[in-house]
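# A closer look at the structure
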Amino acid sequence: MRKQAGALGAALPHDSAPLHVTGRAPYVDDLKLPGDALHLAFGLSTVAHAEIEALDLSAVRAAPGVVLVLTAQDFDHVPDVSPVAGDEPLLADGTVHYLGQAVFLVAATSHLAARKAARLAKVTYRERPAILTVEEALAAGSRFETGPITWARGDLSTGFAAAKTVVEGEMEVGGQEHFYLEGQVAAAIPTEDGVQVMASTQHPTEIQHKVAHALHLPMAAVRVEMRRMGGGFGGKESQGNALAVACAVVASRTGRPAKMRYDRDDDMMITGKRHDLKIRYRAGCDAQGRITAMEVVHLMRCGWSQDLSLAVADRAMLHADNAYFIPNIRIESHRLKTNTQSATAYRGFGGPQGIVGMERIIDHLAHATGRDPVAIMQANFYAERPGGSPAKASPGVSPPGPQDISAKLKGEVQTTQYGMEVEDSVSGRLVGKLLADCDYHARKAAIAEWNAGSPVLKRGIAVTPVKFGISFTLTFLNQAGALVHVYQDGSVHLSHGGTEMGQGLNQKVAQVVAEVFGLSARDIQITAADTGKVPNTSATAASSGSDLNGKAAEAAALTIRARMAEFLAGKYGVAADTVRFKGGEVLVAGESHAFARVAEWVWQARISLSSTGFYATPKITWDRVRGQGRPFLYFAYGAAVTEVVIDTLTGENRILRTDILHDCGRSLNPALDIGQVEGAYVQGAGWLTTEELVWDAKGRLATHAPSTYKIPAVSDRPAIFNVALWTEPNQEDTVGKSKAVGEPPFNLGISALMALSHALSFCGTAYPALDAPATAERVLMAVERVRHG
Amino acid sequence: MKSIQVSTTINGDPVEFLCTPDEPLLDVLRNRLGLTGAKEGCGTGDCGACSVTVNGRLVCSCLVLGVEAEGAQIETIEGMAQGETLHPLQRHFIEKAALQCGVCTPGILVAAKSLLEKNASPTDEEVRYWLAGNLCRCTGYDKIIEAVQSAAAEMRGEV
Ligand code: FES
Ligand code: FES
C-alpha cells in the first residue's frame, strides 16, 4: 500500500523549509515592534570576583538615546533568573562572581545606543581571589552540595585482584560553546493585564514563571510565545531567562515594548557552556579483555551558579559505563563552583562527558593489552536480552550484588551500575554490522601498512559505540500536553508544548496527527508554542521532544477521532471501530466521505471537535540520592567509525571518512533523523577537536567570537560521510515505535578523538593520553609524548 | 550623527534610505528596509549569515557600510525566487533537507548562487572551500553540499 503523504515514517522536509529558503521565516529578532520599542543591553563585570565598591553610571545615563538604567538597587528584591536554585540575581547584588556577569541594565532607543552606553560605566571593584580551575576549587572546598556524590556496585578490590592488566590516568575534557547561529534574544510587550513575551527559548514555561515572579504577577498574566529558534542545543534551556526578565521589567516600568539580544561576543561572555571536566580513572581487565573493575572520578567545573549542574553531573555518572557491563564500579562526582560562566545544558547534558571517559578507558586498555579496542568492546557490551522475551513491567530495581557478574553467562538481563535492566541492548549486533559495512578490519590493516611507509603523515581509525538513556532524570519532567482543534471545514490546528529549534519537531508531531486523521501533514496547521494554549510544559530537552509531545498530540487527535467515529457509528448504525480514516476520507458502512464533510456534520451535531492530550512517560522511577532505579524508559544505540590523518610535524589533522549506523527505532521521518545524526556527529567531533575555550589568568574568556573559537566549517566535513539508520522498532511503546534522536548521536563524535589517538600510537610506544579538544597543538604535544615516552 | 541619504537598487528595485555614516548595510537592510532574510550571526565577518551581493560580489553585509550601497546593485535572499517560482538552489535545499534551524540558510544560498554564477560545475572541494565562510551549526554540511551539487546539475540541464 502506498504511504499517505502525511503518514508516519515519510521523509518529508522541515515544515518551515519553504520560508527558510526565501528568508521569510521570522525569528524573534525579525519581529516588527512598535516604533517606541526600547532596546536593552547589560553592563558586564570586568573582573572575575569582587565586591562592587562604587558604581558611577552618570555617563551611561547621559549617553544619547538612553531612557532607563537599572541596577540591583532599583529593586526591592532583585529578580532571580536561575532555573532551580534561586542563586542568580538578574543584576549583581553587591558582589560579582564572574567576568561577564550583568551588573546593570541599559534601555535605549536602539540596540547600538544601548550597547555603547553600557561601556561608559565607571565601576570600582574590591577584588577578591578568584577560583578558576577545578584544582583550585577542590583545594578551597568550593562546590555545590556538601561533598562528592558516589555511586558504586560490586567490590573494587575483588575486581582489581581479578584483573590481568590495569591502567590509570587522567584526562582533561574541554567545554563547548553552543554557538546557536541565532544568539539569545527576547522581547516583551505590555498588555492590558500583564505582559506578552516572545523569546528564543527551549522552555517557555520557565520564562513565564520567571517573568511572573519578577513582576509579582500570577503566571496567568504572562503569556510566552515561541515560534522558532535559530538553534538551541541546550543553550536556550535556562540561559534566556535573563533577557526575557529584563525585557519584561523594562516593559512594565516604561509601558513600552522592549527587546534584548546579545551580540555574539556578549553571548559568549555571559552565557554558560558545556561543562568541562577532568576525569581520573583506574580500570582493569582480565585476559579475555573483560573489564573486572573500574573507578572514575569526575571533576566537573560548574561555574558560579548551580544552574542545571547537578542533573548534568548525574547524567555524566549515568553514562560512565556507556555500552558496557562493568561488574565492579565506582563513580565519584565533584560539582565544583568556580568564578566562571555558569556551565549549563548542552546536547547530551553530561552524557557525553561520561561516555568519553569510558571510551578513553577502552582505548587505554586496548593499548596496554595490545588488542584492538573493538575486542575489548565486544568482550564487555551489555548482552542482548535473551530470547527476545517481552520486557518486564517492573522497574527492575535490584540491589547491586555479585549475581550480576555472571548474568551474561547465565543469559539473564544485565543491569547498569544504577540497577536498571538493559533490556534493549543491540550494541553487539549493531557494531558488528557497521564494522562489516565499512570494512573496518581490512582498512585498519591497510592503515598500518600505509603508516609504515609514511614518516610524517599518520592515519588512524576508531569505532565508538553509544548507548544513551532517554527520559529526563528528574522524573516529574517527563510529561507533555497538546491541544488539537478540528474546524468545521476539516482543517486542523495543532499546538503542543515542545519548541522548534531546527530539529523538525513540529513536522514530526504534525505527521503523528495527520496519521491519526488519515490526512496529509500539509493539512495540519502548526502553530507557535504558546503558554496560553498548552500550560506547564517541560523544556524541549533531553531529546524528548517528539517522544513526549508526539504522544500528547496523538492522544488529543485520538480523542477527537473517536468522537467523529462515534457520531458516524450512530448515524449509520454500525460499530464505531469499523469507521476508517484514510487518504483524507472517512469510510463508514461502505460509503466514503471527505474528512471536511464529516467535520461539518459533527460540528452541526453539537459535538466538540477540540481536545487536549496529555502524556506521562510510564515505568520510570529514580532515586537520585541512592543512585538506583530506572531513570530511562529506554536506550538509543549507535556507532561510528572515523578515519583521520595527522601531520606529525605540525599536529594538524583532518577527518577523512566517517561511517555511522544509528538507532532511531522506527523513524518518524528519516530525512529529519539523518539530518540530526549528521549534525550531531559533526558537533560532537568539533567539541573534541577544534572547539577550544581559553580563559586567561584573570578569568576572562579569551575565545569569545568565531574568529578565535572554531566550530567546524564546511571544509572540515569528512570527505566521505556515510550515514545509515538502524530501523528495528523501539521495544517500548513510544510514538510510532520511534526513538529519540537529538542527543545520542552527538556522542558518535568521540570516534574522531579515538581515531586521533590511534594515529598517534604509530609515533612510538607510549600511550598518547590525548586530552580534548585535540587541537593541532595538543596533537603535536602528544606526538612528542608518544615518541619519547 | 547626521544621517545620509542613499540611493541604491535592491533586488532590481530602486530604493532610497537614510542611514548614519557608521551604520552597517546589514542593519540598514534589517532595521530600515524590513529585509530580515540576512541574519546577524556574529557581526564580525566570520559566519556568513549576513551574505548579500553588491554589484555581483559576495560580501558580508555586516562589514559593508550602508552608505557604500550608493549607486550599487544589491541582491539579497528576498530577490532569489522569481515571484512564487523558487530558484533551483532553493528547491534543492528543501528537497535534500539541507537546513534545520534555517538561520544560516539565506546566507548559504546567496553564497552558493554566487559560486554557480562563476563556476557552473564546481567540484565538491570547490563548493567546500567557497562556502567555508558560511557557518552552519545544525546540519553538519553534508546535505548542503549535496543540494548545491544537485541544483548545479539541474542548472546545467543535466536532469
Ligand atoms: S554576521 Fe556578518 S559574517 Fe557573521
Ligand atoms: S541550519 Fe541552523 S545554522 Fe545552519
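Because the structure is predicted, anything quoted here is derived from the model rather than measured. (Residues numbered from 1 in each chain as written. Chains lettered and ligands numbered in written order. Predicted model: local features only at pLDDT ≥ 70, side-chain atom pairs only at ≥ 80, totals over all residues. Heavy atoms only, no water.)

## Overview of the overall build of chain A
What counts here: Helix and strand definitions here come from DSSP, where helices need a minimum of 4 consecutive H or I residues and strands a minimum of 2 consecutive E residues; each element is numbered from the N-terminal end. In this description the radius of gyration comes from C-alpha coordinates, and the expected globular size is given by 2.2 Å times residues to the power 0.38. A 1.4 Å probe rolled over the protein chains alone gives each residue an accessible area, and that area as a share of the maximum for its type sets the label: buried under 20%, exposed over 50%, partly exposed in between. Between two residues, a contact is recorded if the distance between any of their heavy atoms is within 4.5 Å. All accessibility values rest on the Shrake-Rupley procedure with a 1.4 Å probe; residue burial counts only the protein chains present in the view. For the charge count, each Lys or Arg is scored as positive and each Asp or Glu as negative, with His and the chain ends excluded. Charge positions are represented by NZ for Lys, CZ for Arg, CG for Asp and CD for Glu.
Counting its secondary structure elements, chain A contains 20 helices and 29 strands. A globule of 789 residues ought to have a C-alpha radius of gyration of about 28 Å, and chain A, at 27 Å, matches this closely. By principal-axis analysis of the C-alpha atoms, chain A measures approximately 80 × 80 × 50 Å. Counting across all 789 residues of chain A, residues that qualify as buried make up 64%. Sequence-distant contacts in chain A: of pairs separated by 6 or more residues, those separated by 24 or more amount to 80%. Taken as a whole, chain A presents about 26800 Å² of accessible surface, with 54% of it coming from carbon and sulfur. Distance between charge centres in chain A, computed from 76 positive and 82 negative side chains, equals 2 Å.

## Notes on the packing of helix 16 (residues 545–572) of chain A against helix 17 (residues 595–604) of chain A
All names here are of chain A. Spelled out, the test is: Angular values range over 0 to 180 degrees, each being the angle between N-to-C directions of two axes fitted as lines to C-alpha atoms, with helices fitted over their stretch in contact. For this classification, under 35 degrees means roughly parallel, over 145 means roughly antiparallel, 65 to 115 means roughly perpendicular, and everything else is oblique. When residues are grouped by polarity, Ala, Val, Leu, Ile, Met, Phe, Trp, Tyr, Cys and Pro land in nonpolar, Asp, Glu, Lys and Arg in charged, and all others, Gly among them, in polar.
Interaxial distance between helix 16 and helix 17 falls to 10 Å at its minimum, and their mutual angle equals 80°. Between helix 16 and helix 17, the angle falls in the class roughly perpendicular. Contact residues: helix 16 offers Met 564, Phe 567, Leu 568, Lys 571 and Tyr 572, while helix 17 offers Phe 595, Val 598, Ala 599, Trp 601 and Val 602. Grouping the constituent residues of the contact of helix 16 with helix 17 by class yields nine nonpolar, no polar and one charged.

## Quick look at the interface of chain A and chain B
Rule in force here: For any pair of parts, buried area is found by adding up, for both, the accessible area (1.4 Å probe) each one loses once the two are put together. What makes a salt bridge here is a side-chain nitrogen of Lys or Arg within 4 Å of a carboxyl oxygen of Asp or Glu, nothing more. A 3.5 Å cut-off defines polar contacts: any pair of N or O atoms within that distance qualifies, except that in protein one atom must be a possible hydrogen donor and the other a possible acceptor, and neighbouring residues in sequence count only when both atoms are side-chain atoms.
Taken together, the 51 residues of chain A in the interface contact 41 residues of chain B. Of the roughly 3800 Å² buried between chain A and chain B, counting both surfaces, carbon and sulfur atoms make up 55%. For chain A, the biggest contributors to the area lost against chain B are Val21(A), Leu181(A) and Val714(A); these three give 21% of the whole. At the junction of chain A with chain B, the criterion picks out eight salt bridges. Applying the counting rule to chain A against chain B returns 21 residue pairs in polar contact (both at pLDDT 80 or more).

## Notes on the environment of Asn134(B)
Residue and element names in this part refer to chain B. Note on placement: Asn 134 falls in the loop between helix 4 (124–130) and helix 5 (142–155). Judged by its relative accessible area of 4%, Asn 134 falls in the buried class. Ignoring sequence-local partners within four residues, the contact set of Asn 134 consists of Cys 47, Gly 48, Ser 51, Gly 107, Ile 108, Ala 111 and Tyr 141. A distance of 3.1 Å separates a polar atom in the side chain of Asn 134 from the backbone oxygen of Gly 48. Among the polar contacts listed, one links the side chain of Asn 134 to the backbone oxygen of Gly 107, at a separation of 3.4 Å.

## A few points about the packing of helix 2 (residues 88–95) of chain B against helix 3 (residues 105–118) of chain B
Residue and element names in this part refer to chain B. Here is the rule we go by: Crossings are assigned a handedness: left-handed for a near helix turned anticlockwise from the far helix by less than a right angle, right-handed for a clockwise turn.
Where helix 2 meets helix 3, the closest approach of the two axes is 10 Å, and the angle between their N-to-C directions is 130°. Compared by their axis directions, helix 2 and helix 3 come out oblique. Here the hand of the crossing between helix 2 and helix 3 comes out right-handed. Seen from helix 2, the contacting residues are Leu 89, Gln 90 and Phe 93; seen from helix 3, they are Thr 105, Ile 108, Leu 109, Ala 112, Lys 113 and Leu 116. Class assignment of the residues belonging to the contact of helix 2 with helix 3 gives a composition of six nonpolar, two polar and one charged.

## Concerning the packing of aromatic side chains
Residues and elements named next belong to chain A. What counts here: What counts as a ring pair is set by centres within 6.5 Å for rings of Phe, Tyr and Trp (its six-membered ring), and what kind of pair is set by the plane angle: stacked under 30 degrees, edge-to-face over 60, tilted for all other angles. As a reminder, the over-ring test applies to NZ of lysine and CZ of arginine, requiring each to be within 6 Å of the ring centre and within 35 degrees of the ring normal.
Per the stated rule, a full pass over the model turns up 14 aromatic pairs over all chains. Pairing Tyr 98 with Trp 304 gives two aromatic rings, centres 5.6 Å apart and planes at 25°, and the pair type is stacked. Here the residue Tyr 98 occupies a position in the loop between strand 4 (95–96) and strand 5 (102–108), and Trp 304 occupies one in the loop between strand 14 (291–303) and helix 9 (309–318), the gap between them amounting to 206 residues. Using a relative accessible area of 10% as the deciding quantity, one classes Trp 304 as buried. Three or more aromatic residues link up through ring pairs in this structure, and these residues are Trp 151, Tyr 418, Trp 622, Phe 632, Phe 635 and Tyr 637. Between the NZ or CZ atom of Lys 467 and the centre of the ring of Phe 635, over which it lies, the distance is 4.4 Å. In this structure, Lys 571 packs its charged tip against the face of Trp 601, placed 4.3 Å from the ring centre.

## Some details on the sheet that holds strand 11 (residues 222–226) of chain A
All names here are of chain A. We apply this condition: A pair of strands is labelled paired if DSSP reports no fewer than 2 bridges between them.
With mixed pairing, the eight strands of this open sheet are ordered in space as 3-5-1-12-9-10-11-20. The sheet is open, and its two edges are formed by strand 3 (66–71) and strand 20 (529–530), each paired on a single side. With six bridges connecting them, strand 9 (residues 185–191) and strand 10 (residues 194–199) associate as antiparallel partners. Looking at strand 10, one finds that Pro 190 is bridged to Val 195. Running over the sheet, helix 6 (residues 204–215) touches strand 10, strand 11 and strand 20 and is turned about 150° from strand 11.

## Here we look at the sheet that holds strand 29 (residues 720–726) of chain A
All names here are of chain A. Taken in spatial order, the four strands line up as 16-27-28-29 in an open sheet, and their pairing is mixed. The open sheet has two edge strands, strand 16 (457–470) and strand 29, and neither has a second partner. Taken pair by pair, the neighbouring strands of this sheet meet at an average axis angle of 15°, ignoring direction. Sheet strands in contact with helix 18 (residues 670–688) are strand 27 (634–647), strand 28 (653–663) and strand 29, and its direction is about 130° off that of strand 29.

## Points about the environment of Thr338(A)
Residues and elements named next belong to chain A. Mapped onto the fold, Thr 338 is located in the loop between strand 15 (329–337) and helix 10 (351–369). Classification of Thr 338 as buried rests on a relative accessible area of 2%. In sequence terms Thr 338 and Thr 133 are 205 residues apart; their C-alpha atoms lie 6.9 Å from each other. If we skip the residues at most four places from it in the chain, Thr 338 touches Ile 131, Leu 132, Thr 133, Ala 137, Arg 301, Gly 303 and Trp 304. Only 2.8 Å separates the side chain of Thr 338 from the side chain of Thr 340, close enough to count as a polar contact.

## With respect to the domain arrangement of chain B
Residues and elements named next belong to chain B. Keep this limit in mind: Residue ranges for the domains originate in an automatic or database domain assignment.
Assigned domains of chain B: these are domain 1 (4–79) and domain 2 (88–155). If you average the C-alpha positions of domain 1 and of domain 2, the two centres end up 21 Å apart. Contact with domain 1, which involves 13 residues of that partner, is made by 13 residues of domain 2. When the area that domain 1 buries against domain 2 is broken down by residue, the three leading residues are Cys 47, Leu 58 and Ile 77, summing to 44%. Run the count over domain 1 and domain 2 and you get zero salt bridges. Counting residues per element, the side of domain 1 that touches domain 2 draws most heavily on strand 3 (residues 51–54), at three residues. In terms of residue class, the side of domain 1 that touches domain 2 is made up of five nonpolar, six polar and two charged.

## Structural notes on the side chain of Ser425(A)
Of note, Ser425(A) is situated in the loop between helix 12 (407–410) and helix 13 (427–437). Not counting the four nearest positions on each side in its chain, Ser425(A) is found in contact with Tyr382(A), Ala383(A), Glu384(A) and Tyr637(A).

## Re helix 18 of chain A
All names here are of chain A. Basically, it comes down to this: By this rule the span expected of a helix is its residue count minus one, scaled by 1.5 Å.
Helix length check: helix 18 (19 residues) gives 27 Å between terminal C-alpha atoms against 27 Å at 1.5 Å per residue, within 8%. In terms of burial, helix 18 is a largely internal element, 16 of the 19 residues being buried. Between a side-chain oxygen at the N-terminus of helix 18 and the backbone nitrogen of Ala 671 the separation is 3.0 Å; the capping residue is Asn 669.

## Things to note about the pairing of strand 28 of chain A
Residue and element names in this part refer to chain A. The cut-off we apply is this: Handedness of a crossover is defined as follows: with both strands directed away from the viewer, a clockwise route from the first strand across the helix to the second makes it right-handed.
For strand 28, the tally of buried residues reaches eight of eleven residues, placing the bulk of the element in the interior. One ladder, built from nine bridges, connects strand 27 with strand 28; its direction is antiparallel. Each residue of the ladder has a partner; that of Ala 639, found in strand 28, is Leu 661. With seven bridges connecting them, strand 28 and strand 29 associate as parallel partners. Looking at strand 29, one finds that Arg 657 is bridged to Ile 720. Handedness of the strand 28-helix 18-strand 29 crossover: right-handed.

## Some details on the state of the cysteines
What counts here: Two cysteine sulfurs form what is called a disulfide whenever their separation falls within 2.5 Å.
Summed over all chains, the structure comprises zero disulfides over all chains. Among the cysteines around Cys664(A), which has no disulfide bond, Cys138(B) carries the closest sulfur, lying 17 Å off.

## A few points about unusual backbone geometry
Of note, the bond from Ala772(A) into Pro773(A) is cis; its omega dihedral lies within 30 degrees of zero at 0°. Inspection of the secondary structure assignment puts Pro773(A) in the loop between helix 19 (750–760) and helix 20 (776–788).

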